[in-house]
Amino acid sequence: MKGVWSMRVGIDLKHSTRWVTAARDKNLADRPEECAEFGYLGHLTDVVGGTFDAEVADLEEGWGEESLAELDLLVLPHDSTSRWTRDESAAVLRFLEGGGAVLLFGDGEAGAPVNDADGSPLPFPHLRLEPAPLGVPRPRAESHILAQDHVLDVEPGHPVARPSMRAFLHRPRGIADDGGALTPLLRLGGVTVAGTATVGEGRLAVIGNGEMVCLPFLGRESNAELLLGLVAWLVKADASLSVRSAARDIVVNRRYAACGSGREEDLENLPGPHRIDTRPFARLLSQLAFRRLPHPYEDEPTFLTEAELAYHEIPRPIRQAVTRFRLRSNDFGVLLVKGMPTDPFLPATPANPSTRVEKETWLSELWLAAFGAALGFPFAYRQEKHGQIFQNVAPTPHNATKLSSESSSSMLDFHTETAFHPHMPDYVLLYCVRPDHERVARTSGAGVRMILRELSLRDRGLLFEPLYRTGIDYSFGSANGLKGNGPLLPVLSGDPYDPYLTFDLDLMTGLTPEAEEALRNLAAATRKVQRWVRLDAGDLLIVDNRKAVHARSEFTARYDGRDRWLQRMCVLRSPIGSAADRRLGGRVVETRFAV
């Protein structure tokens, strides 16, 4: 369609505060750590402008009748804060009656009561968006909960419709039409949630919640085709133009990135809130570290309590960075805490990482316990290192090539820690006690916010479906490398705009060819956006296990007592979900698996 139909589009940002914020999110290219796929507009400018060869303008200041006269299409994103004066409403109506086109859509927020003295919530007096999203009961056990997401058939016979066209709606809102001129396009439970009308010489399209035509829902069902079809109908474009072909290009071939992620791959060289250097506070931290502490393995509860109390004496800038990460994560999904004080006298790297190592001091355990308590509830699994809270990670000859933390000669590929487990860690903490001999081992991370920028909208939609089965880890009793003997789950879940990620490149498989292709594309995107660090003694890497996957490169192990040695801790935000699988209120999860 590009180059065939040229038009001018105006997007009104004056009357809707949330949409203005969303639009400005696109302009954060110089601050990649603040970028995310949050905004409601979802690159509508790129989709409409690129497909129709349109000139798109943001109407925020200087909004008025003269601006409208220059447009072919006016896009009105509406939220519950919108208020239109009589003059503004009259200008829009004259524009429409004179042959203009208007696309009006709301969001999924509940509308506030309108005081007439403040103005009208919509520029058309006969239209009203229902104050709350519609819903229908879910089936079976959750029938008391109203569903937020719906797949609807497009009304047959509508000028925009074609056979088998379906739409995916998130939090749809009903449209009340007192004038009766609106022709339903989509209906839920008999209520119109999208429709069109002819007004004078012009055309109007209304969508109760415009999220269906914005990221991340544009790639679901026929939403992209529906958007382009509506725009083509509104501006009376040539019917022979291939809307379906253009929609497929948008969903499959194009990428929509809020901002660039840069080329630098070493996390130490990247500025931003993902990294904090503790060395300026070395004296204060050392005073805190070398206090007399209880034995962490013989009196674990007291040690964990003392470490939690000690955290509050850590310098404020360090605690601020941790709190910010806990509340908002970041684009990379990891926080690198550089240069914490280390144990001055170290024994040999454990030949058997499952055994307890005696040290003269307990600094590595202190930092793990202190930061772990700040993030949530430190815990362990019975099947890993015999349920030890502080887990040694070191290479062993018999596991050198296995999918295990004890491997060295094979890459431990990108994965969510224990992706198969009902009590998956929210955070994984890795403290470097001793680096590898050549200092070549890389610990890599890839954050979901950056991964999404490299995925097609179709893949993004598929990854939200429960079409994936992961495998159970070797250390939990499964045969090494066995795929698909774990639970069925979606890869992406939670907030559609800022989702959680559950992914294990080695052990996960898709149930359909399309799902498997999406998984391959996810793996490619993960490798493309990965960032890495070579951990040195005293470095603590905190991985947001719900927002990022991590990996470890190959390295040469000599088994001479000086090999790479990390200590690991797993943390849950809350102990409540795992309580039934922990005996007597302890910290060891004892879930068993049929493998």
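Residues numbered from 1 in each chain as written. Predicted model: local features only at pLDDT ≥ 70, side-chain atom pairs only at ≥ 80, totals over all residues. Heavy atoms only, no water.

Caption draft 1: Structural context of the environment of D504. Structurally, D504 can be placed in the loop between β22 (500–501) and β23 (509–510). Separated by 3.1 Å, the side chain of D504 and the backbone nitrogen of D506 make a polar contact. (Helix = DSSP H or I, 4+ residues; strand = E, 2+ residues; numbered from the N terminus. Polar contact = N/O pair within 3.5 Å; in protein donor to acceptor, adjacent residues only side chain to side chain.)

Caption draft 2: Representation of the sheet that holds β23 within the structure. Taken in spatial order, the 3 strands make up an open sheet running β20-β19-β23, and their pairing is antiparallel. The open sheet has two free edges, formed respectively by β20 (488–489) and β23, since each of these has just one partner strand. Where strand β19 (residues 468–469) meets β23, 2 bridges bridge the pair, whose relative direction is antiparallel. The partner of Y468 across the bridge, within β23, is G510. (Pairing = 2+ DSSP bridges.)

Caption draft 3: Local environment of the packing of aromatic side chains. Scanning the model with the defined rule gives 12 aromatic pairs in all. Measuring from ring centre to ring centre gives 5.6 Å for Y311 and F371, while their planes differ by 75°; the resulting arrangement is edge-to-face. Linking Y311 in helix α8 (residues 300–311) with F371 in helix α10 (residues 363–375), this pair joins segments that are 60 residues apart in sequence. Since its relative accessible area comes to 7%, Y311 is described here as buried. (Phe/Tyr/Trp six-rings, centres within 6.5 Å; stacked < 30°, edge-to-face > 60°. Buried < 20%, exposed > 50% of the residue type's maximum accessible area, 1.4 Å probe, protein only.)

Caption draft 4: Inspection of empty space enclosed by the protein at higher detail. Scanning the entire structure with this criterion turns up 3 cavities of 30 Å³ or more. Of the pockets and cavities examined, the second largest cavity occupies roughly 50 Å³. Of the residues belonging to the lining of the second largest cavity, the class tally is 6 nonpolar, 2 polar and 2 charged. (1 Å grid on protein atoms, 1.4 Å probe; cavity = no way out; pocket = protein on both sides within 12 Å on 5 of 7 lines; lining within 4 Å. Points joined across faces, edges and corners; volume = space filled by probe spheres on them. Nonpolar A, V, L, I, M, F, W, Y, C, P; charged D, E, K, R; others polar.)

Caption draft 5: Representation of the sheet that holds strand β10 (residues 191–199). Across the sheet, which stays open at both edges, the 7 strands sit in the order β2-β1-β3-β4-β11-β10-β9 with mixed pairing between neighbours. Here the strands that pair on one side only, and so sit at the sheet edges, are β2 (54–59) and β9 (183–188). Strand-to-strand twist across the sheet, computed as the mean angle between neighbouring axes with direction ignored, equals 15°. Pairing of strand β1 (residues 7–12) with strand β3 (residues 73–77), which is carried by 3 bridges, proceeds in the parallel orientation. The residue of β3 that forms the bridge with V9 is L73. Contacting β3, β4 (101–105), β10 and β11 (202–207), helix α4 (residues 86–97) crosses the sheet at an angle of about 130° to β4. (Axes fitted to C-alpha atoms, helices over the stretch in contact; angles between N-to-C directions. Contact = heavy atoms within 4.5 Å.)

Caption draft 6: Inspection of the pattern of salt bridges at higher detail. Under the definition given, this model contains 27 salt bridges. R128 serves as the salt-bridge partner of D178, at 3.8 Å between the closest nitrogen and oxygen. On the criterion of sequence distance, the pair formed by D178 in the loop between β8 (173–177) and β9 and R128 in strand β5 (residues 127–133) is long-range, its members being 50 residues apart. The residue R162 makes a salt bridge to E225 at a minimum N-O spacing of 2.6 Å. In this pair, R162 sits in the loop between β6 (149–153) and β7 (166–170) while E225 sits in helix α5 (residues 223–234), placing the two residues 63 residues apart along the sequence. Classification of E225 by relative accessible area gives buried; the value is 11%. (Salt bridge = Lys/Arg side-chain N within 4 Å of Asp/Glu carboxyl O.)

Caption draft 7: How the structure looks around the environment of G447. Note on placement: G447 falls in strand β18 (residues 443–447). On a C-alpha basis, the gap between G447 and Y500 in space is 9.8 Å, while along the polypeptide they are 53 residues apart. Filtering out sequence-adjacent residues up to four positions away, G447 remains in contact with D331, F332, G333, K547 and A548.

Caption draft 8: Geometry of the pairing of β3. Of all 5 residues that make up β3, 5 are buried, and the element is covered over most of its length. Burial along β3 is two-sided: L73, V75 and P77 and L74 and L76, pointing in opposite directions, are all buried. In this sheet, β4 lies alongside β3 in parallel orientation, the contact comprising 5 bridges. Within β4, the residue paired with L73 across the bridge is A101.

Caption draft 9: Expanded view of the nonpolar core. Residues L73, L186 and L226 are the most contacted members of the largest nonpolar core, which totals 51 residues. Per element, the largest residue contribution to this core is 9 residues, and it comes from α5. Sequence-distant contacts of L73, that is, excluding residues within four places in its chain, are made with R8, V9, G10, A101, V102, L103, V231, L234 and V235. (Core = buried A, V, L, I, M, F, W, Y, C linked by side-chain atoms within 4.5 Å.)

Caption draft 10: Representation of the layout of surface pockets. There is about 560 Å³ of room inside the largest pocket. In terms of lining, the largest pocket is formed by 31 residues, of which the most central are S404, S405, L412, E417 and R568. Of all the secondary structure elements, the ones that give two or more residues to the lining of the largest pocket are β16 (412–415), β26 (548–552) and β27 (565–572). Considering each element in turn, the lining of the largest pocket owes the most residues, 4 residues, to β16. For the lining of the largest pocket, the residue count by class is 9 nonpolar, 11 polar and 11 charged.

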